[in-house]
Amino acid sequence: MKKLFGLFAVLFGLSLLSACASAPEVNENASAEELYTQAHKLLEKTSYAKAAETFEKVELEHPYSKWATKAKLMGAYAYYKDQKYDDAILSLDRFIKYHPGNQDAPYAYYLKALCYYEQIVTVDKDQSNTAKAKEAFEQVINRFPDSEYAQDAKLKIDLANDHLAGKEMEVGRYYLRQKNYLSALNRFSVVVNEYQTTSHIEEALYRQVEIYTILGLNSEARTAAKVLAYNYPDGKWTKKAKGIIGSK
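Reading the values: the criteria
- Residues numbered from 1 in each chain as written.
- Predicted model: local features only at pLDDT ≥ 70, side-chain atom pairs only at ≥ 80, totals over all residues.
- Heavy atoms only, no water.
- Helix = DSSP H or I, 4+ residues; strand = E, 2+ residues; numbered from the N terminus.
- Buried < 20%, exposed > 50% of the residue type's maximum accessible area, 1.4 Å probe, protein only.
- Contact = heavy atoms within 4.5 Å.
- Areas by Shrake-Rupley, 256 points an atom, 1.4 Å probe, with all protein chains shown as cover.
- Core = buried A, V, L, I, M, F, W, Y, C linked by side-chain atoms within 4.5 Å.
- Arc of directions from axis to C-beta.
- Salt bridge = Lys/Arg side-chain N within 4 Å of Asp/Glu carboxyl O.
- Patch = residues over 30% accessible without salt bridge, like charges linked within 9 Å, V, L, I, M, F, W, Y side chains within 5 Å.
- Phe/Tyr/Trp six-rings, centres within 6.5 Å; stacked < 30°, edge-to-face > 60°.
- Expected span 1.5 Å × (residues − 1).

Enquirer: How would you explain the overall build of the protein chain if you had to name every residue and give the values?
Expert: Secondary structure summary: the protein chain contains twelve helices and zero strands in total. With 248 residues in all, the protein chain has 48% of them scored as buried. Partitioning the intrachain contacts of the protein chain with sequence separation of at least 6 by distance along the chain shows that 54% fall at a separation of at least 24. Working note: accessible area of the protein chain is about 13,400 Å², and carbon and sulfur atoms make up 49% of it.

Shown next as structure tokens:
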């Protein structure tokens, strides 16, 4: 999050006033710059909801000022800090729509991806936000490959892929326990074909061996076992697969 805070500091600039000891009251008749500064102080004091409200006030009351553009992005950041991710995403979508060429557009895309990423849950739950996070991080990489956010986006895509693969494995194991072998095989094959760099690939290959053997598809089972053994010669799943293949 250091990069996130770094950009946050740059956006405010040296012209902003230093923060007070407590969250300030908002001056109802303030100029755009004054409102923006007040919102900044509220943000520093972790009054995120009030900060977001004040940044939006800059937009509403001074829509043509230079501060309005900054306020769109910083209002989204305030919502993000307040864990109001849906509100943050709406604000970021507005910023991206109306300011696609802004110098802070890469950050807007990155922050939107983080909003989804922060909502990733364990693999036993719905993974829709994981898929959205992956897609959003891919946009960061595709649109801004040389930006400071691209490398972190790649790392987070790897983590998202591991979650998505984990979900496929969980569902596959469920079908396997239910002896719904074809449905289970389909899930494990998704991991083998689409998530080859995740931590789940080794078990997924073994499950293919297991199910192919159950279905009497011994040639396919041997092929999967060879792939498993080649990539993980000393792995526990390779040892288990050899036990199955050796008995055939």
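Enquirer: So what's going on with the nonpolar core? Residues and values would help.
Expert: Core analysis: the biggest nonpolar cluster contains 47 residues, and Leu43, Phe55, Tyr80 and Phe137 have the highest contact counts within it. With eleven residues, the single largest contributor to this core is helix H6 (residues 105–117). With near-sequence residues (within four places) excluded, Phe137 lies in contact with Tyr110, Ala113, Leu114, Tyr117, Ala153, Lys156 and Ile157. Counting residues in each nonpolar core, the second largest holds 24 residues, with Tyr195, Tyr206, Ala225 and Trp237 among its members.

Enquirer: Describe helix H12 (residues 236–246), listing the residues and the values that go with them.
Expert: Every buried residue of H12 is accounted for by Trp237, Thr238, Ala241 and Ile244. Down the axis, H12 shows its buried residues gathered within 120° of arc, on one side only. In H12, those exposed residues whose orientation departs by more than 90 degrees from the buried face are Lys236, Lys239, Lys242 and Gly246.

Enquirer: Break down the pattern of salt bridges for me, with residues and values.
Expert: Taken as a whole, this structure holds 13 salt bridges when the rule is applied. Among the ionic pairs, Arg94 bridges to Glu59, the shortest N-O distance being 3.0 Å. Placement of Arg94 in helix H5 (residues 85–98) and of Glu59 in helix H3 (residues 48–61) is noted, with a sequence separation of 35 residues between them. Of the residues examined, Arg94 reaches a relative accessible area of 31% and is grouped as partly exposed.

Enquirer: Break down a nonpolar patch on the surface for me, with residues and values.
Expert: Nonpolar side chains collect at one region of the surface, where Leu182, Ile214, Leu215 and Leu217 lie side by side and expose about 340 Å² of accessible area between them. If you trace the backbone, Leu215 turns up in the loop between helix H10 (201–214) and helix H11 (218–231).

Enquirer: Go over the packing of aromatic side chains, please, and point to the residues and values.
Expert: Under the criterion given, the structure shown has eleven aromatic pairs. Taking the centre distance of 5.4 Å and the plane angle of 55° together, the rings of Tyr109 and Phe144 count as tilted. Of this pair, Tyr109 sits in helix H6 while Phe144 sits in the loop between helix H7 (128–143) and helix H8 (150–177); the two residues are 35 residues apart in sequence, bridging distant segments of the chain. By the burial criterion, Tyr109 is buried, and Phe144 matches it. Arranged with centres 5.8 Å apart and planes meeting at 80°, the rings of Tyr117 and Phe137 form a pair that is edge-to-face. You can see Tyr117 sitting in helix H6 and its partner Phe137 sitting in helix H7, a full 20 residues away along the chain.

Enquirer: Quick rundown of H8? Include the residues and the values.
Expert: Since there are 3.6 residues in each turn of an α-helix, residues three or four apart along the chain are aligned in direction. Across its 28 residues, H8 extends 41 Å between first and last C-alpha, which sits within 8% of the 40 Å expected from 1.5 Å per residue. Two residues or fewer past H8, Lys179 is found with a positive phi of approximately 60°.

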